[in-house]
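Now for the letters of each chain:
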Amino acid sequence: MLMVEADGNYLEPFWVNDFDIYSGESYSVVFRTDQNPANNYWISVGVGGREPRTPQALAILHYQTTTASKLPTFAPPETPLWNDYARSKSFSNKIRALSGSPMPPRINHRRIFLLNTQNRIDGYTKWAINNVSLTLPPTPYLGAIKHGFSNAFDQKSPPDTYLNTYDITKPPSNPNSTYGNGIYMLKFNTTIDVILQNANALNANVSDIHPWHLHGHDFWVLGYGEGKFSKKDIGKFNLKTAPLCNTAVIFPYGWTALRFVTDNPGVWAFHCHIEPHLHMGMGVVFAEGVHLVGNIPNEALSCGLTGKMFMSKPHN
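This write-up is about the structure you can find in this document. Per chain, the residues get numbers from 1 upward, laid out in the order the sequence is written. Only residues with pLDDT of at least 70 get local features here, since the model is predicted, and only at 80 or more are side-chain atom pairs given and counted; chain-wide, interface and lining totals rely on the full set of residues. Hydrogens and water are ignored here; the side-chain numbers use all heavy atoms of the structure.

**Observations concerning unusual backbone geometry**
- Although it is not a glycine, Asn189 adopts a positive phi angle of roughly 60°.
- Numbering goes from the N terminus for both helices and strands, where a helix is a DSSP run of H or I of at least four residues and a strand is a run of E of at least two. For Asn189, the location among the structural elements is in the loop between strand 10 (184–186) and strand 11 (191–197).
- Non-glycine residue Asn205 carries a positive phi angle of around 60°.
- With respect to the helices and strands, the residue Asn205 is situated in the loop between strand 11 and strand 12 (210–214).

Now the structure itself:
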């Protein structure tokens, strides 16, 4: 297969026999239908990043000249091992923007470090970012900001970083975390770096893989690295062929560096696209240029304080 596109953006084409696709991602591939048209052919799909509890999924590539129900005579291809991270990292590092694609700004205005940890709150297992587990408030953020409901959510911004002494290779020494619904207020039309930092989960020698997805923007994937991110890693950033995506993976015990421009007024979620992880707190919220947002449909603000505001208005 020839990889040609990721998340709606063209890639420098490269050939693969298999590829990784994480929740929230999309790819386009090209291949030639040049095999024996009298046969059908297996397509195999397997689980990566989590030990599978089910057999690999199967589909059939069918040529119109033969019967669709005819099973291939050869065994289906085996998918890569679920924890073959060396292969997965090699694939991710081959993804480059097509020549002539927009390049990232060379200078960033703000850099936010997001430490991914598994924690406990009131005895429940949660995910947290910089020790804050996200809980969404009843009032939509966009309406709360537009209509000045400062009591709708925590006005204190979440931390931009974490303690440099945190050991990402071990379970947290203090597993307790806290709930929060504060958001990152970003200056409009500025360049933001996000460093996703992975760490050990609650159990020893466990670090999960997480696909992070940003609403409202594409970002440049500047690079991946092993261990804890440090200043010397900035020199490794790919500023020439960084691909534009809206979802990027963070590997176990590693970091992923992203860059985007705050050029889309609104309030945008950035979260792990494994849905249970989002519901367990693994996400943050960015707001930018909200004063530039026009009229918001009432139907989008029918919860919480904004909903009560509409209910209190007299009806004709």
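**Looking at the packing of aromatic side chains**
- Two aromatic rings from Phe, Tyr or Trp, using only the six-membered ring of Trp, form a pair when their centres are within 6.5 Å; if the ring planes differ by under 30 degrees the pair is stacked, by over 60 it is edge-to-face, and anything between is tilted. Scanning the model with the defined rule gives 15 aromatic pairs in all.
- Each ring, one from Tyr141 and one from Phe153, has its centre 5.0 Å from the other, and the planes form 75°; the classification is edge-to-face. With Tyr141 in helix 2 (residues 141–146) and Phe153 in the loop between helix 2 and strand 9 (178–180), this residue pair connects regions lying twelve residues apart in the sequence. The two residues Tyr141 and Phe153 agree in class, both being buried.
- Taking 4.8 Å as the distance between ring centres and 50° as the angle between the ring planes, the aromatic pair formed by Trp212 and Phe270 counts as tilted. Here Trp212, found in strand 12, pairs with Phe270, found in strand 17 (residues 266–272); they are 58 residues apart in sequence, far enough to count as distant. Just as Trp212 is buried, Phe270 falls in that class too. Residue burial is assigned from relative accessible area. The probe radius is 1.4 Å, only protein chains are included, and a residue is buried under 20% of its type maximum, exposed over 50%, and partly exposed in between.

**Examining the layout of surface pockets**
- In this analysis a 1.4 Å probe is tested at points of a 1 Å grid over the protein atoms alone, and where it fits but cannot get out there is a cavity; an open set with protein on both sides within 12 Å along at least five of seven lines is a pocket; lining residues have an atom within 4 Å of a point. Grid points are joined across faces, edges and corners, and a volume is the space filled by probe spheres set on the points. Here the largest pocket is characterised by a volume of approximately 1200 Å³.
- Of all the secondary structure elements, the ones that give two or more residues to the lining of the largest pocket are strand 4 (41–45) and helix 1 (85–94).
- Broken down by element, the residue count for the lining of the largest pocket peaks at five residues, all from strand 4.
- For the lining of the largest pocket, a count of residues per class yields 21 nonpolar, ten polar and seven charged.
- Of the volumes computed, that of the second largest pocket is approximately 320 Å³.
- What lines the second largest pocket is a set of 18 residues, among which Leu115, Asn131, Leu163, Tyr166 and Asn174 lie closest to the centre. Note that Gly is not counted as nonpolar here; it falls among the polar residues with everything else outside the nonpolar set of Ala, Val, Leu, Ile, Met, Phe, Trp, Tyr, Cys and Pro and the charged set of Asp, Glu, Lys and Arg.

**Here's the deal with the pairing of strand 2 (residues 9–15)**
- Alignment of strand 1 (residues 2–6) against strand 2, held across four bridges, turns out to be antiparallel. Note on strand 2: the bridge partner recorded for Met3 is Phe14.
- In this scheme, strands are said to pair when DSSP sees at least two bridges between them. Connecting the antiparallel pair strand 1 and strand 2 is a turn made up of two residues, with Asp7 showing a positive phi of about 50°.

Read these as layout, nothing more, since geometry by itself doesn't imply function.
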